[in-house]
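Examining the three-dimensional arrangement
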Amino acid sequence: MLGTLARIVRHEVKTLRGVLYRRIAVNKADERTAIDEFHKLYFEARAFNQTWRNTYWMGHPILKCPLDLWLYQELFFRLRPAVIVETGTAFGASAHFMATMMDLIGHGQVVTIDVEERPGRPSHARVTYLTGSSIAPDMVARVRERVGNAGPIMVVLDSDHRREHVLAELNAYAPLVTPGSYLIVEDTNLNGHPVDPEHGPGPMEALEAFLQGGAPFEHDAEMDKFLLTFNPRGFLKRR
Ligand SMILES: C[S@@+](CC[C@H](N)C(=O)[O-])C[C@H]1O[C@@H](n2cnc3c(N)ncnc32)[C@H](O)[C@@H]1O
């Protein structure tokens, strides 16, 4: 009697799961709309000091979607980068997050660049802060010198989000990325992809121009697996 009941319950649960999954996944257009609407809600909630404007890594404000940080962690564990170059330090929390992950792996350094030197940034033995514009030729030269012949190298672009600036960064720093490693272009969601339609040409438009020029990178579609990312098509793997 009990065995029959358990079988019926198991069958009902399986059926219910199937129905729920089909309701969400069968209609791809509905799925896209649901993801984009949630993305807009998540992004705009910053106005009420919520979501990504109220996210901290070890007490320091970090301007990222936590789902993306989880992708970062998976990449770091897989690639064991020797150096990560980050443009756009802000409060230092993203560099500190990367360094903390490197502590767990026991390997790697972070070089992070910002025009502003904000007080109170966390210090960490694996992090080097550089001050100046990421696209100034002397800054690019300094970073190249620091990276040297180390490998693997990853690059994260997260500074001025206007198209021309991001394109200049792509041209300056993408060549540092070693084959099989990643170049992450942050905030490709801006300018209506799907948030902030008034932004004007930004990271996504820079990325498109860069790839159209034949750069040896391809979007890693596996990085869409959490559905919401602030960097749609922005996780690029070097061939
Ligand atoms: C989006 S924030 C960086 C967020 C940070 N990576 C995080 O995840 O918390 C952008 C930063 O880029 C910096 N920035 C703007 N123009 C820059 C430039 N030309 N070179 C370097 N940094 C720049 C700003 O001062 C700002 O701190």
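For clarity, every value in this text was computed on a predicted model and none was experimentally measured.

Section: the layout of surface pockets
Considering only enclosed or pocket space, the largest pocket measures out at about 550 Å³ in volume. Together, 32 residues line the largest pocket, and Leu-63, Asp-158, Ser-159, His-161 and Asp-187 are the ones closest to its centre. When residues of the lining of the largest pocket are traced back to their parent elements, those giving at least two are helix H4 (93–105) and strand E4 (109–114). When grouped by side-chain class, the residues that make up the lining of the largest pocket number eleven nonpolar, eleven polar and ten charged. Taken together, 13 residues line the second largest pocket, and the ones lying closest to its centre are Arg-32, Ile-35, Asp-224, Leu-227 and Pro-232. Along the lines of polarity and charge, the residues of the lining of the second largest pocket split into five nonpolar, three polar and five charged.

A word on the pattern of salt bridges
Applying the stated rule across the entire model yields 14 salt bridges. Across the pair Lys-64 and Glu-186 runs a salt bridge whose closest N-O atoms are separated by 3.9 Å. Here Glu-186 lies in the loop between strand E7 (182–185) and helix H7 (203–212) and Lys-64 lies in the loop between strand E2 (60–61) and helix H3 (66–79), a separation of 122 residues in the sequence. The exposure class of Lys-64 is buried, given its relative accessible area of 1%.

Remarks on the pairing of strand E6 (residues 153–157)
The side chains of a regular strand alternate between both faces of the sheet. Within E6, five of the five residues are buried, which leaves the element mostly enclosed by the surrounding structure. In E6, alternate side chains face the same way, and those of Ile-153, Val-155 and Leu-157 on one face and Met-154 and Val-156 on the other are all buried. Bridge count between strand E3 (residues 83–87) and E6: five bridges; the pairing is parallel. Among the inter-strand pairings, Ile-84 is bridged to a residue of E6, identified as Met-154. Sheet topology places E6 next to E7; three bridges connect them, and they run parallel. In the sheet register, Leu-157 faces E7, and the bridge partner there is Val-185. In terms of handedness, the path from E6 via helix H6 (residues 163–173) over to E7 forms a crossover that is right-handed.

Regarding the packing of H3 against H4
Viewed as axis vectors pointing N to C, H3 and H4 meet at an angle of 35 degrees, and their least axial separation amounts to 10 Å. Read as a crossing pair, H3 and H4 show a hand that is right-handed. Across the interface between the two elements, Leu-69, Tyr-72, Gln-73, Phe-76 and Phe-77 from H3 touch Phe-97, Met-98, Met-101 and Ile-105 from H4. Each residue belonging to the contact of H3 with H4 can be placed in one class, and the counts come to eight nonpolar, one polar and no charged.

What about the pairing of E3?
Taken across its five residues, E3 has five buried, putting it largely inside the fold. Judged by which residues are buried, E3 turns out to be covered on both faces: Val-83, Val-85 and Thr-87 on one side and Ile-84 and Glu-86 on the other are all buried. Taken together, the five bridges between E3 and E4 define a ladder with parallel strand orientation. By the bridge assignment, Val-85 is partnered in E4 with Val-111. For the handedness criterion, the β-α-β arrangement of E3, H4 and E4 is classed as right-handed.

About the thresholds
- Residues numbered from 1 in each chain as written.
- Predicted model: local features only at pLDDT ≥ 70, side-chain atom pairs only at ≥ 80, totals over all residues.
- Heavy atoms only, no water.
- 1 Å grid on protein atoms, 1.4 Å probe; cavity = no way out; pocket = protein on both sides within 12 Å on 5 of 7 lines; lining within 4 Å.
- Points joined across faces, edges and corners; volume = space filled by probe spheres on them.
- Helix = DSSP H or I, 4+ residues; strand = E, 2+ residues; numbered from the N terminus.
- Nonpolar A, V, L, I, M, F, W, Y, C, P; charged D, E, K, R; others polar.
- Salt bridge = Lys/Arg side-chain N within 4 Å of Asp/Glu carboxyl O.
- Buried < 20%, exposed > 50% of the residue type's maximum accessible area, 1.4 Å probe, protein only.
- Pairing = 2+ DSSP bridges.
- Right-handed = clockwise from strand over helix to strand, strands pointing away.
- Axes fitted to C-alpha atoms, helices over the stretch in contact; angles between N-to-C directions.
- Left-handed = near helix turned anticlockwise from the far one by under 90°.
- Contact = heavy atoms within 4.5 Å.

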